[in-house]
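# Fold and geometry: a report
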Amino acid sequence: MYGSDWKAELDFLQDCFDKYADGQVGTVFEPACGTGRLLFRLAGLGFDVGGLDLNPAMVDYCNARLEKHGRPGRVTLGDMTDFRVQRPYEAAFNLINSFRHLTTEKAAIDHLRCVARALHPGGLYVLGLHLTPLDIEPLQEESWPARRGNLAVLSRLWIVSADYQRRYEEVGMSYDVYTPTKQFRIEGRSRFRTYTAAQFEKTLKSAGVFEVVATHDFGYDAGEDIEIQGETEDIVYVLRATGQRPGRL
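Residues numbered from 1 in each chain as written. Predicted model: local features only at pLDDT ≥ 70, side-chain atom pairs only at ≥ 80, totals over all residues. Heavy atoms only, no water.

Here we come to the pairing of strand β2 (residues 48-53). Burial analysis of β2 places five of its six residues in the buried class, the great majority of the element. Two strands pair when backbone bridges link them, and strand β1 (residues 27-31) and β2 are joined in this way by five bridges, in the parallel orientation. Across the sheet, residue Thr27 finds its bridge partner in β2, namely Asp48. Running through helix α2 (residues 39-44), the crossover from β1 to the neighbouring parallel element β2 is right-handed. Assessed by its sense of winding, the connection that carries the chain from β2 through helix α3 (residues 56-67) to strand β3 (residues 75-77) is right-handed. (Buried < 20%, exposed > 50% of the residue type's maximum accessible area, 1.4 Å probe, protein only. Helix = DSSP H or I, 4+ residues; strand = E, 2+ residues; numbered from the N terminus. Pairing = 2+ DSSP bridges. Right-handed = clockwise from strand over helix to strand, strands pointing away.)

So, on to a negative patch on the surface. Among the surface-exposed residues, Asp15, Asp18, Asp221 and Glu224 lie close enough to one another that they form a single negatively charged patch. Take Asp18: it is sitting in helix α1 (residues 6-21). Taking the relative accessible area as the measure of exposure, Asp18 reaches 49% and is therefore partly exposed. (Patch = residues over 30% accessible without salt bridge, like charges linked within 9 Å, V, L, I, M, F, W, Y side chains within 5 Å. Areas by Shrake-Rupley, 256 points an atom, 1.4 Å probe, with all protein chains shown as cover. Salt bridge = Lys/Arg side-chain N within 4 Å of Asp/Glu carboxyl O. Lys, Arg positive; Asp, Glu negative; His and termini not counted. Charge placed at Lys NZ, Arg CZ, Asp CG, Glu CD.)

This next bit is on the pairing of strand β5 (residues 119-130). Sheet analysis places strand β4 (residues 89-94) next to β5, joined by five bridges and oriented parallel. Opposite Tyr89, over in β5, you have Leu119 as the bridge partner. A crossover links β4 with its parallel partner β5, the connecting element being helix α4 (residues 105-117), and its sense is right-handed.

Once that is clear, we can look at the layout of surface pockets. A probe as big as a water molecule, rolled over the atoms, marks out the empty space that is left. Put simply, the second largest pocket is a space of about 270 Å³. Lining of the second largest pocket is provided by 17 residues; of these, Arg74, Thr76, Val85, Gln86 and Tyr89 occupy positions nearest its centre. Those elements that place two or more of their residues in the lining of the second largest pocket are β2 and β3. In terms of residues, the lining of the second largest pocket owes the most to one element, β2, which gives four residues. Along the lines of polarity and charge, the residues of the lining of the second largest pocket split into seven nonpolar, five polar and five charged. (1 Å grid on protein atoms, 1.4 Å probe; cavity = no way out; pocket = protein on both sides within 12 Å on 5 of 7 lines; lining within 4 Å. Points joined across faces, edges and corners; volume = space filled by probe spheres on them. Nonpolar A, V, L, I, M, F, W, Y, C, P; charged D, E, K, R; others polar.)

The next thing to look at is the pattern of salt bridges. In this structure the tally under the stated criterion is twelve salt bridges. Here Asp176 makes a salt bridge to Arg185, at a shortest N to O gap of 2.7 Å. Linked through salt bridges whose partners overlap, the residues forming this network are Asp48, Arg74 and Arg87.

Bringing the side chain of Glu30 into the picture now. Within the secondary structure, Glu30 is located in strand β1. Arg37 is the oppositely charged side chain nearest to the buried, salt-bridge-free Glu30, at an N-O distance of 6.1 Å. Glu30 has contacts with Leu39, Gly50, Gly51, Leu52 and Phe93, leaving out every residue within four places of it along the chain. (Contact = heavy atoms within 4.5 Å.)

Counted under the stated rule, the structure contains ten aromatic pairs. In this structure an aromatic cluster arises from ring pairing among Phe99, Tyr195, Phe200 and Tyr237. Positioned over the ring face of Trp6 is Arg41, at 3.9 Å from the centre of the ring. (Phe/Tyr/Trp six-rings, centres within 6.5 Å; stacked < 30°, edge-to-face > 60°. Lys NZ or Arg CZ within 6 Å of the ring centre and 35° of its normal.)

Moving on to the sheet that holds strand β11 (residues 234-241). Taken in spatial order, the seven strands line up as β3-β2-β1-β4-β5-β11-β10 in an open sheet, and their pairing is mixed. The open sheet terminates on both sides in strands that have one partner only, identified here as β3 and β10 (210-216). Across this sheet, the average inter-strand angle for adjacent strands is 20°, counted without regard to direction. This element, α1, spans β1, β4, β5, β10 and β11 of the sheet and lies at about 140° to β5. Helix α5 (residues 197-207) rests against β5, β10 and β11 of the sheet, and its axis sits at about 20° to β11. (Axes fitted to C-alpha atoms, helices over the stretch in contact; angles between N-to-C directions.)

Time to look at α3. Helix length check: α3 (twelve residues) gives 16 Å between terminal C-alpha atoms against 16 Å at 1.5 Å per residue, within 8%. Here α3 has its buried residues at Val59, Cys62, Asn63 and Leu66. Down the axis of α3, the sector holding all buried residues measures 100°, keeping them to one side. Those residues of α3 that are exposed and angled more than 90 degrees off the buried face are Ala57 and Asp60. Buried residues belonging to α3 abut α2, β2 and β3. Its side-chain oxygen 2.9 Å from the backbone nitrogen of Ala57, Asn55 forms the N-cap of α3. (Expected span 1.5 Å × (residues − 1). Arc of directions from axis to C-beta. Polar contact = N/O pair within 3.5 Å; in protein donor to acceptor, adjacent residues only side chain to side chain.)

Here it is, written out as structure tokens:
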């Protein structure tokens, strides 16, 4: 389902590495990497990659993919708010809202500091998330299809409940799966922390380890910077590690 946009995202990451790091990125890390849909492709392009995830099945699946590209065991089981790497990376990325699974300010700051510690000073962190817009109603529902061969999936996402003062959204998700021989539905719910642009900037300032280099949208065009406005929802921040180490990491 989420692998269908991989080409646009992969090209975008490489363009960011070229534009904001002068093409000097050879090592890349992904916190909350899941199945590694981008990591294994970056490995196939020659990048030295690493990552972590809380789900053991995801870690095993991702490592099996990486092994085909000569990068076995590069993904480990771990918490994105409390981890260390054996050697620093030149860039990191997290493009699909995993950051918003961190439901407290402390968890968000701990994550940002962990990522900064995992990077060389000046290293890039490409972070994508949905902001809460100020000038329009937040999107309440969306759906999109994906197909690979005889497998088709229709995904639907909707807001079950939200409290923007307490800063959470309860999100329902369903996946209608179609094959030539059967049809079934997978359903679930997740809780996301909400961020206005100002709230994210406050968190970033509190972490004290990154500066904003550029902002883009989910069109994944590194040549088109955007200015965050009151109606902005989909945003990709390109952050640069400052090399500072405030507080306990």
